[in-house]
Amino acid sequence: MTSSLGLWQRAALDVLFPPACVACGALGREPFCPPCASSVESPSPGSIPSLPAVDWSAALWAYGGAVAVAIARLKYRDGVEVARPLGRALQTEVRGFKLDCLVPMPLNEARLRARGYNQARELARDWATPVARAALRRRDDRPNQVGQTMIERQANLCGAFTAERRYVEGRRILLIDDVVTTGATAQAAASALKSANARWVGLLVVATTCLRDPRIDIVV
Ligand SMILES: [Zn+2]
């Protein structure tokens, strides 16, 4: 809840998590130190696939360079430490938006157990907008999507999410995720939210891999 935290809370967080580069960890500047920032690229226009169930979408950066390093840290090593500055960067993208709740992209249970945390949930911490934790569920019997094409992913993900109408109906919802690749996962999630009568669904991600090989090995 960066915008509404008291000064002492902000100061305490700065002690626990001093400003640091999300890629190399150098103290002093976030989200990237100057050397790492030199490899960071903005997403090109239209770099998130057009998704029928998504009303608005944005990515902070193109996947690659220091951004890829930061994503790897977020997923595999330093999730909580890296998620806070990345979450703050995400918040700047939707400043002024009227949002009722955030929905972090759910992990399936097996992956959640293996990783110990959901990186999308970590990105959604400390926002003024509440997180609707029970709004969206992911079935856990789907095979891993790594290496699949968009069409294969869409078929795999059909019915993969269920939304809880009482947390969703009539609401303006922002889906949060770390990476969008083909957009099949986001489309399936947003479609479930719309089926439960969400009024508006936005998608905000840290990075997009669009313009790269969609078979790139990113574990979602
Ligand atoms: Zn750095």
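Predicted model, so just to flag it, every value in this text is computed and none were measured.

Parameters at a glance
Residues numbered from 1 in each chain as written. Predicted model: local features only at pLDDT ≥ 70, side-chain atom pairs only at ≥ 80, totals over all residues. Heavy atoms only, no water. Donors = N, O, S within 2.8 Å, 3.2 Å for Na, K, Ca; no water. Tetrahedral: all angles 85-135°; square planar, octahedral: opposite > 155°, others 65-115°. Buried < 20%, exposed > 50% of the residue type's maximum accessible area, 1.4 Å probe, protein only. Pairing = 2+ DSSP bridges. Helix = DSSP H or I, 4+ residues; strand = E, 2+ residues; numbered from the N terminus. Axes fitted to C-alpha atoms, helices over the stretch in contact; angles between N-to-C directions. Contact = heavy atoms within 4.5 Å. Core = buried A, V, L, I, M, F, W, Y, C linked by side-chain atoms within 4.5 Å. Right-handed = clockwise from strand over helix to strand, strands pointing away. Expected span 1.5 Å × (residues − 1). Phe/Tyr/Trp six-rings, centres within 6.5 Å; stacked < 30°, edge-to-face > 60°.

*Asks:* Please clarify how the coordination of the zinc ion should be interpreted in this entry.
*Replies:* When a metal holds four donors in a tetrahedron, each ideal angle between them is 109.5 degrees; when it holds six in an octahedron, the ideal angles are 90 or 180 degrees. At this site the zinc ion is bound by C21 (SG), C24 (SG), C33 (SG) and C36 (SG), with donor distances of 2.3 Å. One way to put it: the 4 donor atoms around the zinc ion meet at angles of 102 to 116°, and that makes the site tetrahedral. The class of C36 is buried, set by a relative accessible area of 15%.

*Asks:* What should I look at first to understand the sheet that holds strand β1 (residues 56-62) in this one?
*Replies:* Backbone-to-backbone hydrogen bonds join strands into a sheet, with any given pair of strands oriented parallel or antiparallel. Here we have 4 strands laid out as an open sheet, ordered β1-β6-β5-β2, and parallel in their pairing. Edge positions in the sheet fall to β1 and β2 (101-104), since each has one partner strand and no second. When strand polarity is set aside, the average angle formed by the axes of neighbouring strands in this sheet is 20°. Of the strands in this sheet, β1, β5 (172-180) and β6 (200-208) are in contact with helix α4 (residues 79-93), which crosses β1 at around 135°.

*Asks:* Looking at this structure, how should I read the nonpolar core?
*Replies:* A general trend in soluble globular proteins is that nonpolar side chains are found buried together. Core analysis: the biggest nonpolar cluster contains 35 residues, and F32 and W61 have the highest contact counts within it. For this core, the secondary structure elements donating two or more residues are β1, α3 (65-77), α4, β5 and β6. The leading source of residues in this core is α3, at 6 residues. Leaving out residues up to four positions away in the same chain, F32 has contacts with C21, V22, A23, A37, V40, W61, A66, V67 and A70. By size, the runner-up hydrophobic cluster in this structure holds 31 residues, among which are A120, A186, A188 and V205.

*Asks:* Even after reading the chapter, I still don't get the pairing of β6, so can you show me in this structure?
*Replies:* Every regular strand shows the same layout, with side chains that alternate between the two sheet faces. When you tally the buried positions in β6, you get 9 out of 9 residues, the bulk of the element. Pairing analysis gives 6 bridges linking β1 to β6, with the strands arranged parallel. Its bridge partner being in β6, W61 is matched across the sheet by A207. Note that β5 and β6 share 8 bridges and pair parallel. Bridge assignment links R172 to a residue of β6, and that residue is W200. Crossover connection from β5 via helix α9 (residues 184-195) to parallel β6: handedness right-handed.

*Asks:* Quick question: what am I supposed to make of α3 here?
*Replies:* Since there are 3.6 residues in each turn of an α-helix, residues three or four apart along the chain are aligned in direction. Taking 1.5 Å per residue as the helical rise, α3 with its 13 residues ought to reach 18 Å, and the 17 Å between its terminal C-alpha atoms agrees with that figure. Residues of α3 that are buried include every one of A66, V67, A68, A70, I71, R73, L74 and K75, and no others.

*Asks:* Any chance you could explain the environment of V94 here in plain terms?
*Replies:* With respect to the element layout, V94 can be found in the loop between α4 and β2. Sequence separation between V94 and G183 is 89 residues; the distance between their C-alpha atoms is 20 Å. Residue contacts for V94: discarding those within four places in its chain leaves W56, L99, W127, L174 and L204.

*Asks:* I'm lost on the packing of aromatic side chains in this one. Help?
*Replies:* Geometrically, a pair of aromatic rings is defined through the distance of the ring centres and the angle of the planes. The tally for this structure, following the rule as stated, stands at 4 aromatic pairs. Both rings, one in F32 and one in W61, keep their centres 5.0 Å apart while their planes meet at 75°; by these two values the pair is edge-to-face. Note that F32 is positioned in the loop between α1 (7-16) and α2 (34-37) and W61 in strand β1, a separation of 29 residues in sequence. Note on accessibility: F32 and W61 belong to one class, buried. Among the aromatic residues, those joined into a cluster by ring pairs are W56, F97 and W200.

*Asks:* Would you mind going over unusual backbone geometry with me for this structure?
*Replies:* A negative phi angle characterises most non-glycine residues, just as the trans form characterises most peptide bonds. Cis rather than trans, the peptide bond between E30 and P31 has omega equal to 0°. Residue placement: P31 occurs in the loop between α1 and α2. Positioned with a positive phi, D126 is a non-glycine residue whose angle comes to about 70°. For D126, a relative accessible area of 23% gives the class partly exposed. A positive phi is found at N197, a non-glycine position, where the angle reads about 70°. Summarising the element assignment, N197 is placed in the loop between α9 and β6. With a relative accessible area of 36%, N197 lands in the partly exposed category.

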